[in-house]
Amino acid sequence: MSHSFVMFSGPHLAALTVFVLACILLFLGRIRLQDSMPARQTVRYMIIACLIASEIALDIWNITEGYWNIKSTLPLELCSITLLLSVIMLAVRSRFLYQILFFAGIGGALQALITPSLVFAYPHFRFFQFFAAHMLIILASLYMTWVEKFQPTWKSIGWTMVFLNVLAFGVGAFNWMLGSNYMFLMHKPPTASILDFLGPYPFYLLAEEGIALLIFVWMQLLFFVLPAKISKMSAAKAGDKSAL
């Protein structure tokens, strides 16, 4: 018997722990991967294969279980779109897609991991597929950051905001034609989510814009600006000591 998903339950916290450990493992192994072209290609293609497999598995499950519906199962959610774009980014090592996916992919997937819009609980297939897909979206951009040494710029945040607004406009047009609610542009999800704290429709959409911008700025600071300053200060101290 499959029970409903409960946020921050044991299985949810276990999934988040696996995610954190995967990020740590990738970070600790970054130097070894940088020094080995075969290892880099293996990891990159493994992430690509797992991303594709997760999306195909979801489509097969939706069809075989009778859940496929044009109003709810097209790949028009933000994480579905960033998943597919992550495959392209990894395959061609696209810097343009990277600067958008670093913010939109990580930001969107991380929010989904913390506050999942998920009905099926552990050990249901959808539980594993949901968490695997969103972890892989984040790991794809982290791989390009830590292993391939790609970096976004402050302008990348602007490109990401443009991308998200153009995407919302396009998906909103589909929602209007289909009577659907992709990206929760028409109303909030039925399950608990961060949107519950952002006010009623349509104000939560405006709040999302501000929160997204704030998160992207913090990501740029934490991942790149502060580490660069710390590294510069450490190098300066090392230089001072050697001069003594």
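This text follows the structure it describes.
Residues numbered from 1 in each chain as written. Predicted model: local features only at pLDDT ≥ 70, side-chain atom pairs only at ≥ 80, totals over all residues. Heavy atoms only, no water.

Visitor: Would you mind showing me how to read the pattern of salt bridges here?
Guide: When their charged atoms lie close together, side chains carrying opposite charge are able to pair. Throughout the structure, instances matching the rule amount to one salt bridge. Here E148 and R93 are joined by a salt bridge, their closest N and O atoms 2.7 Å apart. On the criterion of sequence distance, the pair formed by E148 in the loop between helix 6 (125-146) and helix 7 (154-178) and R93 in the loop between helix 4 (78-92) and helix 5 (95-114) is long-range, its members being 55 residues apart. Judged by its relative accessible area of 12%, E148 is buried. A relative accessible area of 35% places R93 in the partly exposed class. (Salt bridge = Lys/Arg side-chain N within 4 Å of Asp/Glu carboxyl O. Helix = DSSP H or I, 4+ residues; strand = E, 2+ residues; numbered from the N terminus. Buried < 20%, exposed > 50% of the residue type's maximum accessible area, 1.4 Å probe, protein only.)

Visitor: I'm lost on unusual backbone geometry in this one. Help?
Guide: Trans peptide bonds make up the majority, and among non-glycine residues the majority have a negative phi. Cis geometry is adopted by the peptide bond preceding P123, which originates at Y122 and carries an omega value of 5 degrees. Within the secondary structure, P123 is located in the loop between helix 5 and helix 6. The omega torsion across Y201 and P202 is 0 degrees, close enough to zero to call that bond cis. Relative to the helices and strands, P202 is located in the loop between helix 7 and helix 8 (203-243). Its identity as a non-glycine residue notwithstanding, F8 has a phi of 60 degrees, on the positive side. Topologically, F8 is positioned in the segment before helix 1 (10-28). For F8, a relative accessible area of 45% translates into the label partly exposed.

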